[in-house]
Amino acid sequence: LDNRCKLRNVEDLRLAGLDITDASLRLISRQMPLLSKLDLSYCNHINDQSVNLLTAAGTTTRDSLTDINLSGPDHTDLLKIALLYELPIPRVTDHSLNYFKRCGSICQIDLRFCKQVTKTACEHFIAEMSVSVPFKLKEDKLLQKIS
């Protein structure tokens with residue numbers, strides 16, 4: 001039996017803390033058309049480009065995702081190492097909120113502990129989305145659709 005057939009029925013995927021890359025996310029967005037809940041918390045390589053991939057035109061995740069968790073720890077040590085070795089610093093920033101506007105079914109976006117996401121940007125997202133889909137800040141940087 002083809003493994004891709006098995007993946008097609010996945011609705012809830014929890015990858016917290018794993019070494020997930022954009023290549024992995026491309027496969028997920030192609031092979032899991034029913035995916036509605038995605039947990040990428042504590043995944044150090046997730047950044048704005050990762051969110052762009054998940055919400056791009058032609059991806060199934062753009063329309064299927066209802067709940068995404070991008071929360072994570074304080075990356076102080078990771079930042080120190082990246083700066084020391086002049087490595088790129090993976091991060092989710094305010095810009096990711098613009099990508100989530102593309103998702104027609106999104107109900108919850110967890111960005112808690114994403115230091116590069118500001119409360120102001122979350123409030124701006126809520127204000128812009130209020131025309132079509134009302135959201136609220138359930139907690140700091142935890143955006144939730146108002147039912």
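Since the model is a prediction, treat every value here as computed from it, not as a measurement. (Residues numbered from 1 in each chain as written. Predicted model: local features only at pLDDT ≥ 70, side-chain atom pairs only at ≥ 80, totals over all residues. Heavy atoms only, no water.)

**Here we look at the overall build of the protein**
Part 1 of the argument: Tallying secondary structure elements over the protein gives 7 helices and 6 strands in all.
Part 2 of the argument: Reading the secondary structure of the protein in the N-to-C direction produces α-β-α-β-α-α-β-α-α-β-α-β-β.
Part 3 of the argument: Taken over 147 residues, the protein has a buried fraction of 40%.
Part 4 of the argument: Partitioning the intrachain contacts of the protein with sequence separation of at least 6 by distance along the chain shows that 69% fall at a separation of at least 24.
Part 5 of the argument: On the protein, roughly 8300 Å² of surface is accessible, and the fraction owed to carbon and sulfur atoms is 53%. (Helix = DSSP H or I, 4+ residues; strand = E, 2+ residues; numbered from the N terminus. Buried < 20%, exposed > 50% of the residue type's maximum accessible area, 1.4 Å probe, protein only. Contact = heavy atoms within 4.5 Å. Areas by Shrake-Rupley, 256 points an atom, 1.4 Å probe, with all protein chains shown as cover.)

**Examining the side chain of Thr93**
Part 1 of the argument: Topologically, Thr93 is positioned in the loop between helix 5 (76-84) and helix 6 (95-100).
Part 2 of the argument: Of note is the side chain of Thr93, whose polar atom sits 2.3 Å from the side chain of Asp48. (Polar contact = N/O pair within 3.5 Å; in protein donor to acceptor, adjacent residues only side chain to side chain.)

**Section: helix 3 (residues 48-55)**
Part 1 of the argument: Judged by how many residues are buried, helix 3 sits mostly within the fold: 7 of 8 residues are covered.
Part 2 of the argument: If you check the start of helix 3, you find a side-chain oxygen 2.9 Å away from the backbone N of Gln49, and it comes from Asn47.

**A word on the sheet that holds strand 1 (residues 12-14)**
Part 1 of the argument: Read across the open sheet, the 6 strands follow the order 1-2-3-4-6-5; overall the sheet is mixed. Looking along the sheet, the strands with just one partner apiece sit at the ends: strand 1 and strand 5 (135-139). Strand after strand, the sheet turns through a mean of 10 degrees between neighbouring axes, direction not considered.
Part 2 of the argument: Of the pairings in the sheet, the one linking strand 4 (residues 108-110) to strand 6 (residues 142-145) comprises 3 bridges and is antiparallel in character. Across the sheet, residue Ile109 finds its bridge partner in strand 6, namely Leu143. (Pairing = 2+ DSSP bridges. Axes fitted to C-alpha atoms, helices over the stretch in contact; angles between N-to-C directions.)

**Notes on the environment of Asp22**
Part 1 of the argument: Note that Asp22 resides in helix 2 (residues 22-31).
Part 2 of the argument: Considering only alpha carbons, one finds Asp22 and Ser50, 28 residues apart in sequence, at a separation of 5.6 Å.
Part 3 of the argument: For Asp22, the residues in contact, after removing those within four places along its chain, are Asn47, Gln49, Ser50 and Leu53.
Part 4 of the argument: Engagement of the side chain of Asp22 in a polar contact is seen with the side chain of Ser50, the distance being 2.6 Å.

**A closer look at the pairing of strand 6**
Part 1 of the argument: Bridge count for strand 5 against strand 6 is 4 bridges, and the pairing is antiparallel. Directly across from Lys136, in strand 6, lies its bridge partner Gln144.
Part 2 of the argument: The antiparallel hairpin formed by strand 5 and strand 6 contains 2 residues in its connecting segment, where Lys141 sits at a positive phi of about 65 degrees.

**Remarks on the pattern of salt bridges**
Side chains that carry opposite charge are capable of pairing whenever their charged atoms lie near each other.
Part 1 of the argument: Counted according to the given criterion, the structure contains 4 salt bridges.
Part 2 of the argument: As a salt-bridge pair, Glu128 and Lys101 come within 2.0 Å of each other at their nearest N and O atoms. Note that Glu128 is positioned in helix 7 (residues 119-129) and Lys101 in the loop between helix 6 and strand 4, a separation of 27 residues in sequence.
Part 3 of the argument: Assessed through its relative accessible area of 27%, Lys101 is described here as partly exposed. (Salt bridge = Lys/Arg side-chain N within 4 Å of Asp/Glu carboxyl O.)

**Considering unusual backbone geometry**
Part 1 of the argument: If you check the backbone angles, Tyr42 has positive phi at about 60 degrees while not being a glycine.
Part 2 of the argument: For Tyr42, the location among the structural elements is in the loop between strand 2 (37-39) and helix 3.
Part 3 of the argument: Unlike most non-glycine residues, Lys141 shows phi in positive territory, near 65 degrees.
Part 4 of the argument: Look at Lys141 and you get buried, because its relative accessible area is 11%.

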